[in-house]
Amino acid sequence: MTASAADKEKLRYSHPIMVEQWISLVRRLISSLGSAFSSKGIHACMLASMLVLAPAYGQQTASVDAVSGLIEQGAYQQALQNSQTLLTAKDDAALDNSARAELLRLQGVAHLYLQQRAEAYRSYRQALALNALSRDSEADALSAVITLAYRVKQYDEVLRYARQMAEHHELLPHANRLAMQSAYALSRYDVAIDYASRLQKSGNADAFTLQTKGLSEMALSQFSAAARTFDALAQQDDVAPKWLAQAARAHAHAGSHSQARQYLARARADIALYRTLALEQLEQTQPQEALAYWQQGLSQLDRVPTRDEQLLLVQCLLQNNQRVAALNRVSEINLSAPDTQTLKLQVMLAYQLKRWQEVIDTSQVALSHGLKEDRMLWQWLSISAIKAGDYALADFALNEWQARDTSGLAERWRETLELLKAGRASLSDLSIS
């Protein structure tokens with residue numbers, strides 16, 4: 001847009017000292033100071049040039065102030081038009097970088113008032129690119145452009161401008177939060193932690209800050225740090241259960257299992273989380289912790305545990321060498337929903353605990369569930385029948401075992417059985433197990 005002759009005339013006389021008065025003042029100064037400066041090699045013409053150019057700065061300042069005044073009056077569209085006229089002026093009315101940058105910043109302000117965020121974002125960026133704003137204006141522009149960049153998901157830009165603000169100005173809390181959130185969105189977790197720590201040190205960390213910091217620390221496997229962060233979050237009022245569960249995860253990974261279980265109880269955590277933590281502890285060869293997690297989870301159920309949940313308890317008990325408890329639990333499962341897996345497990349545990357009659361009874365049920373070709377089942381049944389003194393059952397079971405055995409062990413037990421039947425040996429003499 002080209003300025004009209006009238007606009008140029010207004011711009012020319014915008015300085016409070018009229019041009020004619022200024023020329024008269026210049027002439028008097030040249031006359032009085034010319035002789036003094038000539039002795040030092042400064043020609044009167046040079047001095048005149050310096051003095052004649054001085055009104056340009058005053059004109060530019062007055063122009064910027066006029067646009068600022070329009071904004072203060074709420075004349076945002078007029079402010080945009082006037083500033084654009086000034087920005088596109090040429091020749092004598094051309095602006096220096098400082099005035100140009102300030103007018104671009106003021107355009108950004110006006111666009112914001114008019115809800116024109118894209119235009120405001122562009123104006124602020126252009127103003128900052130000139131690197132000629134005053135300190136206060138630059139701080140204002142940085143604060144605004146950080147907010148606008150975040151709204152359009154330009155997270156790299158947010159971080160760039162936030163870094164500039166931190167280096168040259170005080171990083172305001174809202175800009176700090178947006179930088180933290182941008183870093184987290186970009187998976188730059190170390191940067192997110194740094195900005196969150198700044199907020200903590202300045203006393204401006206809210207719940208969201210702690211949540212973001214804790215999640216970032218978890219993502220970087222900084223579990224002890226995450227546990228401390230979530231501890232701070234858990235001290236706040238009305239903490240949602242999901243964040244207590246996050247605190248439990250952090251403490252579990254940090255090895256502070258007692259604290260983790262306290263958070264789980266406080267959160268009334270879902271059984272799925274208990275399962276996850278129990279399985280993680282089993283993988284890490286921490287069966288005692290796995291059992292503690294799973295038993296606590298089952299105790300909080302308001303229903304009967306499912307078959308899979310009971311089997312996980314059996315697994316935890318076995319890993320802790322609690323075979324009696326495991327056998328009792330498997331027996332309960334088989335009373336309601338037996339299958340080949342749990343029946344065979346019950347037979348094995350009963351055999352290990354030398355509960356011969358239970359082996360015999362459970363084996364017969366297992367055989368009726370399709371385990372007739374299972375060699376180990378016939379082996380356990382044969383030996384248990386011999387140990388229990390049921391030679392007829394032992395004879396039958398040995399035949400089935402021998403038909404499937406290639407190790408020769410079944411034949412040795414056959415010889416033992418024949419000795420027992422002939423009365424030439426007693427059960428106390430048995431050394432084969």
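Residues numbered from 1 in each chain as written. Predicted model: local features only at pLDDT ≥ 70, side-chain atom pairs only at ≥ 80, totals over all residues. Heavy atoms only, no water.

Some thoughts on the environment of Gln288
- For Gln288, the position within the fold is in helix 17 (residues 287–299).
- Given the relative accessible area of 62%, Gln288 is considered exposed.
- Placed 29 residues apart in sequence, Gln288 and Leu317 show a C-alpha to C-alpha distance of 8.8 Å. (Helix = DSSP H or I, 4+ residues; strand = E, 2+ residues; numbered from the N terminus. Buried < 20%, exposed > 50% of the residue type's maximum accessible area, 1.4 Å probe, protein only.)

As for the packing of helix 7 (residues 117–129) against helix 9 (residues 155–168)
- The N-to-C vectors of helix 7 and helix 9 enclose an angle of 40 degrees; their axes lie 13 Å apart at closest approach. Taken together, the axis directions place helix 7 and helix 9 in an arrangement best described as oblique. Where helix 7 crosses over helix 9, the handedness of that crossing is left-handed. Two secondary-structure elements touch here, helix 7 through Tyr121, Arg125 and Leu128 and helix 9 through Glu157, Arg160 and Tyr161.
- A class-by-class count of the residues in the contact of helix 7 with helix 9 yields three nonpolar, no polar and three charged. (Axes fitted to C-alpha atoms, helices over the stretch in contact; angles between N-to-C directions. Parallel < 35°, antiparallel > 145°, perpendicular 65-115°, else oblique. Left-handed = near helix turned anticlockwise from the far one by under 90°. Contact = heavy atoms within 4.5 Å. Nonpolar A, V, L, I, M, F, W, Y, C, P; charged D, E, K, R; others polar.)

Focus: the side chain of Ser143
- Tracing the chain through its elements places Ser143 in helix 8 (residues 135–151).
- Ser143 sits in the buried class, given a relative accessible area of 14%.
- Setting aside anything within four residues of it in sequence, one finds Ser143 in contact with Met165, Leu172 and His174.

Describing the packing of aromatic side chains
- What the rule picks out here adds up to seven aromatic pairs.
- Both rings, one in Tyr351 and one in Trp356, keep their centres 5.7 Å apart while their planes meet at 70 degrees; by these two values the pair is edge-to-face. In terms of burial, Tyr351 and Trp356 fall into one category: buried.
- For the pair Trp378 and Phe396, a centre-to-centre distance of 5.7 Å together with 75 degrees between the ring planes defines the contact as edge-to-face. On the criterion of sequence distance, the pair formed by Trp378 in helix 22 (residues 375–387) and Phe396 in helix 23 (residues 391–404) is long-range, its members being 18 residues apart.
- A relative accessible area of 43% means that Phe396 is categorised as partly exposed.
- Taken together through their ring pairs, the aromatic side chains of Tyr351, Trp356 and Trp380 make up a single cluster.
- In this structure, Arg160 is placed above the aromatic ring of Tyr161, and the distance from its NZ or CZ to the ring centre is 4.4 Å. (Phe/Tyr/Trp six-rings, centres within 6.5 Å; stacked < 30°, edge-to-face > 60°. Lys NZ or Arg CZ within 6 Å of the ring centre and 35° of its normal.)

Details of the confidence of the model for the protein chain
- Taken as a whole, the protein chain shows an average pLDDT of 86; of its residues, 82% reach a score of 70 or greater.
- Note on residues 1–23: pLDDT under 50 across the span, and 24 contacts to partners over four residues away in sequence or across chains.
- Under a pLDDT of 50 for its full length, residues 44–58 has, in the predicted model, 13 contacts with residues more than four places off or in other chains. (pLDDT = per-residue confidence, 0-100.)

Some points on the pattern of salt bridges
- Here the structure, examined in full by the defined rule, presents 18 salt bridges.
- Three or more residues are tied together by salt bridges with common partners; here these are Asp395, Arg414, Glu418 and Lys421. (Salt bridge = Lys/Arg side-chain N within 4 Å of Asp/Glu carboxyl O.)

Focus: the packing of helix 12 (residues 207–219) against helix 14 (residues 241–254)
- Look at helix 12 against helix 14: their axes get within 11 Å of each other, and the N-to-C directions meet at 35 degrees. When the axes of helix 12 and helix 14 are compared, the crossing they make is left-handed. Packed against helix 12, whose contacting residues are Gln211, Leu215 and Met218, the element helix 14 presents Trp243, Gln246, Arg249, Ala250 and His253 at the interface.
- Here the contact of helix 12 with helix 14 is built from residues that sort into four nonpolar, three polar and one charged.

Looking at the nonpolar core
- One finds Phe230, Leu264 and Trp294 to be the most contacted residues of the largest nonpolar core, which totals 70 residues.
- Setting aside chain neighbours within four positions, we find Trp294 in contact with Ile271, Tyr274, Arg275, Ala278, Glu309, Leu312, Leu313 and Cys316.
- Within the second largest apolar cluster, 46 residues are counted, among which are Ala101, Leu104, Ala127 and Leu128. (Core = buried A, V, L, I, M, F, W, Y, C linked by side-chain atoms within 4.5 Å.)

As for the environment of Leu130
- Along the chain, Leu130 falls in the loop between helix 7 and helix 8.
- Relative accessible area serves as the criterion here: at 28%, Leu130 is assigned to the partly exposed category.
- Sequence separation between Leu130 and Glu102 is 28 residues, and the spatial gap between their C-alpha atoms is 9.7 Å.
- In contact with Leu130, other than residues within four places in its own chain, are Asn97, Arg100, Ala101 and Leu104.

Things to note about helix 24 (residues 409–422)
- Taking 1.5 Å per residue as the helical rise, helix 24 with its 14 residues ought to reach 20 Å, and the 20 Å between its terminal C-alpha atoms agrees with that figure.
- When we look at burial in helix 24, the residues that qualify are Ala410, Trp413, Arg414, Thr416, Leu417 and Leu420. Angularly, the buried residues of helix 24 cover 165 degrees about the axis, an arc narrow enough to put them on a single face.
- Elements in contact with the buried residues of helix 24: helix 22 and helix 23.
- Phi turns positive one or two residues past the end of helix 24, at Gly423, with a value near 80 degrees. (Expected span 1.5 Å × (residues − 1). Arc of directions from axis to C-beta.)

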